[in-house]
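# Chains, contacts and geometry: an overview
Spelled out, the chains give:
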Amino acid sequence: MSNPAHRRSVITGIGVVAPNGTGTGAFWKQTQEGVSVLDRVSREGCEHLPLRVAGEVRDFDPVASVEERYLVQTDRFTHYAMAAADLALDDARLGRADYQDTPFKVGVVTAAGSGGGEFGQRELQRLWGQGSRFVGPYQSIAWFYAASTGQISIRGGFKGPCAVVASDEAGGLDALMHAARSVRGGTDAVVVGAAEAPLAPYSVVCQLGYEDLSVCDEPTRAYRPFTADACGFVPAEGGAMLVVEEDTAARARGARVRAELVGHAATFTGAGRWEQSREGLARAIEGALREADCAPEEIDVVFADALGVPSADRAEALALSDALGTHGRRVPVTAPKTGIGRAYCGAPVLDVSAAVLAMEHGLVPPTPNVFEVCHDLDVVTGRARPAELRTALVLSRGLMGSNSALVLRRPTDTPD
């Protein structure tokens, strides 16, 4: 095993299942064009609930993506994760032949916030309406937060370190650095990410307890962070899975290195304490920069958390100034999630995917539905902005108080 200090973690594969498209091609096309796909909630059983607008995954056929034996055992959130994992592995060109002799060198890490609510609701309705004999045996596992990790591991034959991160929405970023540190400790590759499916009636009712949830019924006005019209966030389905590998091993097998994971830090400031999240998020940014050995002025773009709650937006803007100094007011800031919604733990992993694609294409994608920004930030709106992008900062906060920051760097050997 090489010196852990010399084992760098790189992203070699990206798989996306999002409201604006399945696969990185469809996802990036819509993202760079600033297309908003937010619309009225159409999931059966949700019509009478106060949540009116969300980001639904509409072009996904689970039967075409997941084998029947896995479909009956799992919830929609795991279907998304399994399909995204397949796409990521294909993108990384990491097949069974690459690890069949070393299955303990490949692990799986996912983050989850809502679990399998749709599956759980269906089985509980059977219990209530028909009796215990009509409840399927998979009720015991399909709803569980770790279901996606387990099923991806079993299906792929991955026997390395496996985990599920439960640190609220910020867990999407925390899972990536959990994977990176696993690589630093000797694992060759980790399939990592998050996908959520929070748009079943039971799950929606649970979310209605969040004061920060937007109940606006106009899709173009329901989610407008950093503006005077901010009225909360819009939830979404979907997410992304990535393949994170040890740099030398990846290059040895001829993999394309898409980005380096160079720095991460996390803090906790408590549920709903958005004013305090200023300090917590700033400290997370500073910690991520320190681990990345990155100066504030080296950050070329920020993918913001962008909650859409005035006090939270203000705290994020101030945190960027606190951590980046005057550069925090000049650096381009974007939040593509305003066009697709916040997929809880899946949201920051989708942001990481967009950040990698942005660095590759030299474009900062716009922030859909956002026009007049009322904070001292250079938020990219309207259309994509061409830019030389070598280092990206991705931010995430959870509704229960977690803060996380991740620094990504474009590989130095990537041609301009």
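Below is a summary of the structure that appears in this document. Here the structure is a predicted model, which means the values were calculated and not measured.

Here we come to the overall build of the protein chain. Helix and strand counts for the protein chain stand at 15 helices and 16 strands. What you see for the protein chain is a C-alpha radius of gyration of 20 Å, in line with the 22 Å of a compact globule of 416 residues. Each principal axis of the C-alpha distribution contributes one length, and for the protein chain these read about 65 × 55 × 35 Å. By the burial criterion, 60% of the 416 residues in the protein chain qualify as buried.

What follows is about unusual backbone geometry. Within the chain, arginine 93 stands out as a residue other than glycine whose phi angle is a positive 55 degrees. In this structure, arginine 93 sits in the loop between α4 (76–92) and α5 (96–99). What makes arginine 93 exposed here is its relative accessible area of 62%.

Here we take up α4. In this model, α4 (17 residues) spans 24 Å end to end at C-alpha, consistent with the 24 Å of a helix rising 1.5 Å per residue. Burial of α4 is extensive: 13 of the 17 residues sit out of reach of the surface. The opening residue of α4, the one whose side-chain oxygen lies 2.9 Å from the backbone nitrogen of phenylalanine 77, is aspartate 75. Two residues or fewer after α4 comes arginine 93, characterised by a positive phi angle close to 55 degrees.

At their nearest, the axes of helix α1 (residues 24–32) and helix α15 (residues 346–361) sit 11 Å apart, and the two run at 80 degrees to each other. Here α1 lies roughly perpendicular to α15, going by the angle between them. Facing Thr24, Phe27 and Trp28 of α1, the residues of α15 in contact are Leu350, Ser353, Ala354, Leu357, Ala358 and His361.

What follows is about the layout of surface pockets. Over the atoms a probe the size of a water molecule is rolled, and this reveals where empty space is left. Estimated volume of the largest pocket: approximately 560 Å³. In this structure, the largest pocket is lined by 27 residues; those nearest its centre are Gly113, Ser114, Gly115, Tyr145 and Cys206.

A complete count under the given rule lists 27 salt bridges for this structure. Here lysine 29 and glutamate 33 are joined by a salt bridge, their closest N and O atoms 3.3 Å apart. Take lysine 29: its relative accessible area is 44%, and that puts it in the partly exposed class. Here glutamate 56 ties to arginine 58 by a salt bridge, and the two come within 3.4 Å at their closest N and O atoms. In this structure glutamate 56 comes out as buried when scored by relative accessible area, which is 2%. Here the salt bridges share partners, and the residues they tie into one network are Glu169, Asp305, Glu316, Arg342 and Arg397.

Calculation rules
- Residues numbered from 1 in each chain as written.
- Predicted model: local features only at pLDDT ≥ 70, side-chain atom pairs only at ≥ 80, totals over all residues.
- Heavy atoms only, no water.
- Helix = DSSP H or I, 4+ residues; strand = E, 2+ residues; numbered from the N terminus.
- Rg over C-alpha atoms; globule rule 2.2 N^0.38 Å.
- Buried < 20%, exposed > 50% of the residue type's maximum accessible area, 1.4 Å probe, protein only.
- Expected span 1.5 Å × (residues − 1).
- Polar contact = N/O pair within 3.5 Å; in protein donor to acceptor, adjacent residues only side chain to side chain.
- Axes fitted to C-alpha atoms, helices over the stretch in contact; angles between N-to-C directions.
- Parallel < 35°, antiparallel > 145°, perpendicular 65-115°, else oblique.
- Contact = heavy atoms within 4.5 Å.
- 1 Å grid on protein atoms, 1.4 Å probe; cavity = no way out; pocket = protein on both sides within 12 Å on 5 of 7 lines; lining within 4 Å.
- Points joined across faces, edges and corners; volume = space filled by probe spheres on them.
- Salt bridge = Lys/Arg side-chain N within 4 Å of Asp/Glu carboxyl O.

Nothing here speaks to function; it is all geometry.
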